[in-house]
Amino acid sequence: MRKQVTLMIMLVVALTMNAFTPNTKWPYLLENFQEGTLYRGKDYSIAQFNIHLMGNKLHYVNPKDDKICESRQNDMDSVVIGGKKFVLADGELMQVVGSNGQNMVLLCEYADFSGMNQAKGAYGSSTNSSATRQLTSIDLAGMNNPKHGLLLQEKNDGSELYMCKKYFLKLGNKVIEAGKKDVEKILADGQKDAWKQFLKKNKIKWKNPESLVLVLDFLKN
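Calculation criteria
- Residues numbered from 1 in each chain as written.
- Predicted model: local features only at pLDDT ≥ 70, side-chain atom pairs only at ≥ 80, totals over all residues.
- Heavy atoms only, no water.
- Helix = DSSP H or I, 4+ residues; strand = E, 2+ residues; numbered from the N terminus.
- Buried < 20%, exposed > 50% of the residue type's maximum accessible area, 1.4 Å probe, protein only.
- Areas by Shrake-Rupley, 256 points an atom, 1.4 Å probe, with all protein chains shown as cover.
- Patch = residues over 30% accessible without salt bridge, like charges linked within 9 Å, V, L, I, M, F, W, Y side chains within 5 Å.
- Salt bridge = Lys/Arg side-chain N within 4 Å of Asp/Glu carboxyl O.
- Phe/Tyr/Trp six-rings, centres within 6.5 Å; stacked < 30°, edge-to-face > 60°.
- Pairing = 2+ DSSP bridges.
- Expected span 1.5 Å × (residues − 1).
- Contact = heavy atoms within 4.5 Å.
- Polar contact = N/O pair within 3.5 Å; in protein donor to acceptor, adjacent residues only side chain to side chain.

Here we take up the overall build of the protein chain. Within the protein chain, the regular secondary structure consists of five helices and eleven strands. Residues counted as buried form 41% of the 221 residues belonging to the protein chain. Of the accessible surface of the protein chain, which amounts to about 13300 Å², a share of 49% is contributed by carbon and sulfur atoms.

It is worth spelling out a nonpolar patch on the surface at this point. A cluster of nonpolar side chains, namely Y39, Y44 and I46, defines an oily patch on the protein surface of about 340 Å² accessible area. Inspection of the secondary structure puts Y44 in strand β2 (residues 43–52).

Our focus in this paragraph is the packing of aromatic side chains. In this structure the tally under the stated criterion is nine aromatic pairs. A ring pair is formed by W26 and Y28, whose centres lie 5.2 Å apart and whose planes are at 55 degrees; its orientation type is tilted. Grouping residues by exposure puts W26 and Y28 together as buried. Plain terms: the ring middles of W195 and F218 are 5.3 Å apart, the flat faces sit at 55 degrees to each other, and that makes the pair tilted.

Summarising burial for strand β3 (residues 57–61): five of the five residues are buried, a large majority. Burial of the side chains of β3 extends over both faces: K57, H59 and V61 are buried on one face and L58 and Y60 on the other. Linking two consecutive strands that pair antiparallel, namely β2 and β3, is a turn of four residues; a positive phi of about 90 degrees is found at G55 within it. Here β3 folds back onto strand β4 (residues 68–70) in antiparallel fashion, the turn holding six residues, of which D66 has a positive phi close to 65 degrees.

Turning to helix α5 (residues 209–220), a few remarks are in order. Along its twelve residues, α5 runs 16 Å from first to last C-alpha, staying within 8% of the 16 Å computed at 1.5 Å per residue. Buried within α5 are the following residues: S211, L212, V213, V215, L216, F218 and L219. Packing partners of the buried residues in α5 comprise β7 (92–100), β8 (103–111), β10 (163–171), α3 (180–186) and α4 (192–201). Looking at where α5 begins, the residue whose side-chain oxygen comes 2.9 Å from the main-chain nitrogen of E210 is N208.

Scanning the model with the defined rule gives five salt bridges in all. The partner of R40 in a salt bridge is D75, with the nearest N and O atoms 2.5 Å apart. Highlighted residues: R40 in strand β1 (residues 34–40) and D75 in the loop between β4 and β5 (78–81), separated in sequence by 35 residues. A residue is classified by how much of its surface remains accessible, and R40, at 18% relative accessible area, is buried.

This is how it looks when you write it as structure tokens:
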């Protein structure tokens, strides 16, 4: 029994040590660029994608020259990477973790850059209206148009980024933070009594996707 417990502890420690953590040399949500599908209306494209944590922008590897580019996001419907679906909400990509019809529970995972000198930080912070633009990486000794292979060489050499999570509710074209007060702000007068009864009946956990789907159910009705 003791051996089993010891083995389990060693396994947990090993998994923790090997867990991926974004850093200033690899400021991406995913450990690696992964094959994904980007949807724009009836059109779609397949590429190696990742999500840059400075503004949660979609990046892809250009197979012609191995350079990393930022994808145009203004007409994006969704992107699926590694089986996870992301949609654009308030200008940032967020993962869909629950839904009811067209309404969604969204998870936004982002890095807190506020305590860092961004002159030494990640690249890709500026935006413009071009469909695709090359990126600048100050992390890689001031090189312009960084190549995927070069970033991989220093992938584990950066300073760890402090990651944050927030949940949001996407109600049609409206996006609100998942919180009791935020929901109450959008309720019609005729919904307020029903909302109080709903909260008495359901103990909503505001950081639990399954619980938040119940809120979507209420708002849909």
